[in-house]
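One-letter residues, chain by chain:
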Amino acid sequence: MYSVRMRATGDNRHISGAERLVEEEDIETAAQSLIRRALSHERGKPDSINISVEAIKSPVKYLVSLPVTLFHVGNADAGKRAAKRLLTYLGIPGLCIEKAFSLLEDGESMRGAILMDMQGERLEPDKQRGIRASRMDITKHASDELAYSLATKRMSSCYDHISEALVLATKVASVKGSVAELCWSDDPFYTAGYVASKKLGYVRFSQLKHEGDSGGRVFFVDDMNLPDYIDEMEKTAVLIDRFKGLREITDLDDITGE
Ligand code: PML
């Protein structure tokens, strides 16, 4: 199996990145679709596109996706309140939650994620780069199931964002030490976001930011060995081969059981 990765930059800033895990005969098709994607990104035309192809030597980890829960909110402020409530329920201290929201809101966004411990300390060795979950994909079968579920909710237009975010969130949740992840997109017009955890799955808020705001990711961690954590996040290949399902809730208590 091979990891095919794309990174597009313009004016020395990150525009887009994506990746696939494929067999040798599919490398060319994957590279072609990643290039097409880099050229059509809403954050602008890149002046540099990097494609890397790398053989995966260690065993691939097969995972079932996190279950997806859709929670519709009327606006970004309601989304943020609900996401904070969920993070609190997951045991993240209030100080960490506030700090994480401020970092993402203040445009501290970067290509990788912020890593935060339960004292609110940032653990990324390089704060510009962040931590990048990498070498992951979803099988055609699982992705068809996700696409079908989204179509039943008339959400097919969100497929690309959700599929990639779900793959990443599933990998993150599977790594020892991950407690929760907070993410909203840094694409200017994509305002949805999520809180993901092994405990509650992928909980998606229809709005977590205002149009034009910055975005990014925070991984909340506890009780882990930093080099091992980063190594697994960046190097272990993960393939999602089953979609765990999707449901919609109208009250956050439906998921927390409070
Ligand atoms: C991104 O694409 O930059 C992150 C997307 C986060 C939300 C995905 C969704 O559930 O719609």
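Details of the structure are given in the entry above.
Residues numbered from 1 in each chain as written. Predicted model: local features only at pLDDT ≥ 70, side-chain atom pairs only at ≥ 80, totals over all residues. Heavy atoms only, no water.

S.K.: Where do I start with the nonpolar core in this structure?
M.R.: Looking at soluble globular proteins, one finds that nonpolar side chains tend to be buried together. Of all hydrophobic cores here, the largest spans 39 residues; its most connected members are Tyr194, Tyr202, Phe219, Tyr229 and Met233. With eight residues, helix 5 (residues 159–174) is the largest single contributor of residues to this core. Once residues within four sequence positions are removed from consideration, Tyr202 is found in contact with Leu66, Pro67, Val68, Thr69, Ile162, Ala165, Leu166, Ala169, Tyr194, Val195 and Ala196. Core analysis: the second largest hydrophobic core is formed by 30 residues, Ile92, Met118, Leu200 and Phe205 among them. (Core = buried A, V, L, I, M, F, W, Y, C linked by side-chain atoms within 4.5 Å. Buried < 20%, exposed > 50% of the residue type's maximum accessible area, 1.4 Å probe, protein only. Helix = DSSP H or I, 4+ residues; strand = E, 2+ residues; numbered from the N terminus. Contact = heavy atoms within 4.5 Å.)

S.K.: Explain the sheet that holds strand 7 (residues 136–138) to me, please; I cannot follow it from the model alone.
M.R.: As a general point, the strands of a sheet are linked pairwise by backbone hydrogen bonds and lie either parallel or antiparallel. Read across the sheet, three strands follow the order 4-12-7 without closing on themselves; strand pairing throughout is parallel. Bordering the open sheet on either side are strand 4 (61–64) and strand 7, each of which pairs with just one other strand. Ignoring which end each strand starts from, the neighbouring axes of this sheet average 30° apart. With four bridges connecting them, strand 4 and strand 12 (residues 238–242) associate as parallel partners. The residue bridging Val64 from the neighbouring strand is Arg242, located in strand 12. (Pairing = 2+ DSSP bridges. Axes fitted to C-alpha atoms, helices over the stretch in contact; angles between N-to-C directions.)

S.K.: Any chance you could explain helix 2 (residues 76–89) here in plain terms?
M.R.: Side chains three or four residues apart in an α-helix point the same way, a direct result of the helix having 3.6 residues per turn. Look at helix 2: 20 Å from first C-alpha to last across 14 residues, which is about the 20 Å you get at 1.5 Å a residue. Of the residues making up helix 2, those classed as buried are Ala76, Gly79, Lys80, Ala82, Ala83, Leu86 and Leu87. Each buried residue of helix 2 lies within a common arc of 165° when the element is viewed along its axis, so the set occupies one face. If you check the start of helix 2, you find a side-chain oxygen 3.1 Å away from the backbone N of Asp77, and it comes from Asn75. (Expected span 1.5 Å × (residues − 1). Arc of directions from axis to C-beta. Polar contact = N/O pair within 3.5 Å; in protein donor to acceptor, adjacent residues only side chain to side chain.)

S.K.: Looking at this model, I keep getting lost on the site of the ligand. Mind explaining?
M.R.: Neighbouring the ligand are the residues His161, Ile162, Ala165, Cys183, Ser185, Tyr190, Ala192, Tyr194, Tyr202, Arg204 and Arg217. The side chain of Tyr190 places a nitrogen or oxygen atom 2.5 Å from an oxygen atom of the ligand. Within the side chain of Arg204, a nitrogen or oxygen atom sits 2.8 Å from an oxygen atom of the ligand. Expressed as a share of its isolated accessible area of 340 Å², the protein-covered part of the ligand is 89%. (Near = heavy atom within 4 Å. Areas by Shrake-Rupley, 256 points an atom, 1.4 Å probe, with all protein chains shown as cover.)

S.K.: Could you clarify how one ought to interpret the sheet that holds strand 2 (residues 13–22) in this entry?
M.R.: Here we have three strands laid out as an open sheet, ordered 2-1-3, and antiparallel in their pairing. The two strands at the open ends of the sheet, each matched to only one other strand, are strand 2 and strand 3 (48–55). Strand-to-strand, the axes of this sheet are offset by a mean angle of 15°, without reference to chain direction. Bridge count between strand 1 (residues 2–10) and strand 2: nine bridges; the pairing is antiparallel. The residue of strand 2 that forms the bridge with Gly10 is Arg13. Its contacts with the sheet place helix 1 (residues 27–39) against strand 1, strand 2 and strand 3, and it is angled at close to 20° to strand 1.

S.K.: Any chance you could explain the pattern of salt bridges here in plain terms?
M.R.: Close approach of charged atoms lets side chains of opposite charge pair. One pass over the full model with this rule turns up 14 salt bridges. Close ionic contact of Arg20 with Asp137 constitutes a salt bridge, the shortest N to O distance being 2.7 Å. Separated by 117 residues along the polypeptide, Arg20 in strand 2 and Asp137 in strand 7 bring together distant segments of the chain. For Asp137, a relative accessible area of 7% translates into the label buried. Residues Asp144 and Lys140 are paired through a salt bridge, measuring 2.8 Å at the closest nitrogen-oxygen approach. Of this pair, Asp144 and Lys140 both sit in helix 4 (residues 140–152), four residues apart, which is roughly one turn of the helix. Judged by its relative accessible area of 39%, Asp144 is partly exposed. Accessibility expressed as a relative area gives 60% for Lys140, which makes it exposed. A single network of salt bridges, built from pairs that share partners, joins Arg5, Glu54 and Arg135. (Salt bridge = Lys/Arg side-chain N within 4 Å of Asp/Glu carboxyl O.)

Note that all results are geometric; they support no functional claim without further evidence.
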